[in-house]
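Commentary on secondary and tertiary structure
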Amino acid sequence: MQPTEHRSAVGQLADDLRWLEDHCRRQPELSAHAATLRLASALTRNVIGPFLEGQPPRPLHVSVVGGAGAGKSTVVNFLAGAKVAEANPQAGFTRHPTAFLPPGPAFQWPSYLGFLGSMHKLSEDKPASVDEDVYQVKRVPLPASAKEGYSHPLGEFVIWDCPDMTTWAAENYVGRLLEISALSDVIVYVASDERYNDAVPTEFLHLLVKAGKAVVVALTKMRPQDADAFIEHFKQEILGRLPKLPNGETPAVPVVAIPHMSVADRSDPAGAGAQYRVQLLNQILVQCESDALTRARTVTNAAKYLSTAGEGLLEVAKRDLTELDAWKSAVQSGKAAFEERYRREFLSGEQFQRFDRYRERLTDLLELPAAGRVVGGIFWGLRAPYRWTRDAIYGLLVRPDVLNLSEESVLTGALAGWLDALHTEALRKAGAHAIWKQVSIRFESELAPQARDRFATDFRSFELKETDDLEQAGRALVNGLEKNPVLLYSLRGGKLAVDLAIIGGVVYSTWPPGWGLLLIPLGVSASHQTAELATRAVAEGARQRVRSHRESLMTASLSAPLANWLTEWPATGGTSLEKLQQVLRRVPESIRTLEERVVAKAAALTQPKEAPPVQVAAPAGP
């Protein structure tokens, strides 16, 4: 993968995660997930991106985090070895992060696109209470007692003083805190004797451990004689409930105590407070074997976190997908009602009278052709009394055909019912979720007109298909007999033989001729009626097949395409749901791709290099 491909993949994943974060914040019930998504986005931009780009591991970053009034400023000063951080008793006073650079050579500041998100570096000194997306960079002054060649214990680190972690609702400065936390190689979590088990800071500690961050806990403000007992209590009550690391191991979190001290001692971390400072520095340095290995661990853990937390990161979409499934169910219910109405109001009463012409043609085929028409005419005359009587009785007993509604009017009415049901459902649930609200707002102006237009277009195509299908079915009914001369002439001969047998039987049984000959018209009428009933049964079978095929054709041409379109409509046209579906498709693949690249590059960096072969000189000649 080329550098430009790295940047594209990292940028796309970071943008998708940030979009999911904003999506969460628009839904109050999902706001708890926003911090997780912001951390994931920050890990992608601040850690994984620069690493794959090949930027140097130095400087390493150590950040100081904790709840309000925990003593973070004191810890920052102890790390810096000088009083550099602003302290203020007001909770939430620090609103943007400040980076302190120890004395020594200048660092190459990361220049990766998207580094620290929307935050930008201040060009002038401002109070820590400035609530803007900014950060400051300051130098730690060289100690007055420093001698030539002085080296700061954290000379390879940037020390970050971060905003308080008091509430997840503080979107602005919590976002800045998460940016720095994601960047950090080591995090010093500060908790005081007074508020060590506050819920929100503890939740934040859990999140950092899940992300695979190296954490050192600094407990503050207890009496010196209570330090050991407080550390044990904290380990049991807080650290004992920490989540597993991305690799499944139990996190090892060292704890140091910085007891309550006088103002003078706190102001002199390199002197009066040195005993506590040294413990803290040792716990940080012991976790950083080298620049390259420390950064490789940070990046590898970040990639593992994204991989293992991938499903959790997409948890925010569950509610949306549930509501989308509910919309799909409503559409399918409307489709079923549409098809049922078509069957009930049109197909059940439609006789496809064009089929009667083919049925009559089928009956005519059974009559004798050419010269046989003379014989057929005689039989037709013999059947006249029966035919007149049958038609008279049929007219008295059978109700006239009820005028059936036209197919177009039935389908148009069914469509109106379908859309009305969807509109009613959208209005009923508009207050429950944004999907239904969006549908209800745009229903009359967009969805319904577009649905009617699509229906009108599809119906014209459907009419052409059904006309062709009906003609083909009728012709097939007749052609099947016309193109089978053996069967056709067998039926004609059989019918003629039956009629002749009836006539011969009547004449023979009633000879000499008398009134018994009147049975001849009755007999030939009965045989002809039998033939008509047979052809009617064949035609009705074909008619039923056409009815079933018409229903299938309507489903394929009208209801199914319209249902598919309605199902996808909330996720089209640039809506948030369309974007959500795109993000859900991209994020897992992006995480998998970046993890593979990180693992491969980290393995190459941490693999011991083979020593070059020793060249043995050839012995000198005599």
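Everything in this summary refers to the structure shown in the same document. From a predicted model like this one, the values you see are computed outputs, not experimental measurements.

What follows is about the overall build of the chain. Counting secondary structure elements, the chain contains 19 helices and 8 strands. Counted over contacts in the chain with a minimum sequence separation of 6, partners at least 24 positions apart contribute 82%. Surface summary for the chain: the accessible area is close to 31000 Å², and the carbon and sulfur share equals 56%.

Attention now moves to the pattern of salt bridges. Enumeration over the complete set of coordinates arrives at 28 salt bridges. The partner of Glu237 in a salt bridge is Arg241, and the shortest N-O contact between them spans 3.3 Å. Glu237 sits in the partly exposed class, given a relative accessible area of 30%. Salt-bridge contacts for Glu345 lead to Arg341; the nearest nitrogen and oxygen are separated by 3.1 Å.

With that out of the way, let us pick up the nonpolar core. With 120 residues, the main nonpolar core has Trp160, Val217, Leu219, Phe234 and Leu411 as its most contacted residues. No other element matches the 11 residues that helix α2 (residues 34-53) contributes to this core. With residues up to four places along the chain from it excluded, the contact list for Phe234 reads Tyr189, Ala191, Tyr196, Val217, Leu219 and Leu239. Counting residues in hydrophobic clusters, the runner-up holds 31 residues, among them Ala85, Leu154, Val216 and Ile258.

Here the focus is the sheet that holds strand β7 (residues 214-220). Pairing between the strands of a sheet comes from backbone hydrogen bonds, and it takes one of two forms, parallel or antiparallel. Here 8 strands make up an open sheet; going across it, the order is β3-β4-β2-β5-β1-β6-β7-β8 and the pairing mixed. Edge strands, defined here as strands with exactly one partner in the open sheet, are β3 (120-121) and β8 (255-258). Taken together, the 2 bridges between β3 and strand β4 (residues 134-139) define a ladder with parallel strand orientation. When the sheet's bridge partners are listed, His120 is paired in β4 with Val134. Each of β6 (186-192), β7 and β8 touches helix α6 (residues 227-237); the most contacted strand, β7, lies at about 135 degrees to it.

The subject of this paragraph is empty space enclosed by the protein. This structure, assessed with the given rule, holds 7 cavities of 30 Å³ or more. Of the voids in this model, the largest cavity is the one considered here, and its volume is about 100 Å³. Contributing to the lining of the largest cavity are 14 residues, with Gln55, Pro56, Arg58, Pro110 and Arg295 lying nearest its centre. Looking at the lining of the largest cavity residue by residue, the classes come out as 8 nonpolar, 4 polar and 2 charged.

A few words on α6. Along α6, the residues that are buried comprise Ala227, Phe230, Ile231 and Phe234. Along α6, the residues classed as buried sweep out an arc of 100 degrees about the axis, all on the same side. In α6, the exposed positions that point more than 90 degrees away from the buried face belong to Asp228, Ala229 and Gln236. On its buried face, α6 sits against β6, β7 and β8.

Close contact between helix α17 (residues 485-510) and helix α18 (residues 519-568) brings their axes to 9 Å; oriented N to C, the two are set at 160 degrees. Of the possible angle classes, the one that applies to α17 and α18 is roughly antiparallel. When you trace α17 past α18, the crossing you get is right-handed. Mapping the contact onto sequence places Lys495, Val498, Asp499, Ile502, Ile503, Val506 and Val507 in α17 and Leu519, Ile520, Gly523, Val524, Ser527, His528 and Ala531 in α18. Tallied by class, the residues present in the contact of α17 with α18 amount to 9 nonpolar, 3 polar and 2 charged.

Now for the environment of Thr363. By the element assignment, Thr363 lies in helix α12 (residues 354-365). With 168 residues separating them along the chain, Thr363 and Ala531 place their C-alpha atoms 7.4 Å apart.

Let us now look at unusual backbone geometry. Residue Pro59 is reached from Arg58 by a cis peptide bond, and omega for that bond is 0 degrees. Following the sequence through the fold, Pro59 ends up in the loop between α2 and β1 (60-66). In this structure, Lys221 is a non-glycine residue whose phi angle is positive, near 70 degrees. Judged by its relative accessible area of 36%, Lys221 falls in the partly exposed class.

Moving on, we come to a nonpolar patch on the surface. On the surface, Ile393, Leu396 and Leu397 cluster together into a nonpolar patch covering about 370 Å² of accessible area. Topologically, Leu397 is positioned in helix α14 (residues 384-397).

Definitions and limits used
Residues numbered from 1 in each chain as written. Predicted model: local features only at pLDDT ≥ 70, side-chain atom pairs only at ≥ 80, totals over all residues. Heavy atoms only, no water. Helix = DSSP H or I, 4+ residues; strand = E, 2+ residues; numbered from the N terminus. Contact = heavy atoms within 4.5 Å. Areas by Shrake-Rupley, 256 points an atom, 1.4 Å probe, with all protein chains shown as cover. Salt bridge = Lys/Arg side-chain N within 4 Å of Asp/Glu carboxyl O. Buried < 20%, exposed > 50% of the residue type's maximum accessible area, 1.4 Å probe, protein only. Core = buried A, V, L, I, M, F, W, Y, C linked by side-chain atoms within 4.5 Å. Pairing = 2+ DSSP bridges. Axes fitted to C-alpha atoms, helices over the stretch in contact; angles between N-to-C directions. 1 Å grid on protein atoms, 1.4 Å probe; cavity = no way out; pocket = protein on both sides within 12 Å on 5 of 7 lines; lining within 4 Å. Points joined across faces, edges and corners; volume = space filled by probe spheres on them. Nonpolar A, V, L, I, M, F, W, Y, C, P; charged D, E, K, R; others polar. Arc of directions from axis to C-beta. Parallel < 35°, antiparallel > 145°, perpendicular 65-115°, else oblique. Left-handed = near helix turned anticlockwise from the far one by under 90°. Patch = residues over 30% accessible without salt bridge, like charges linked within 9 Å, V, L, I, M, F, W, Y side chains within 5 Å.

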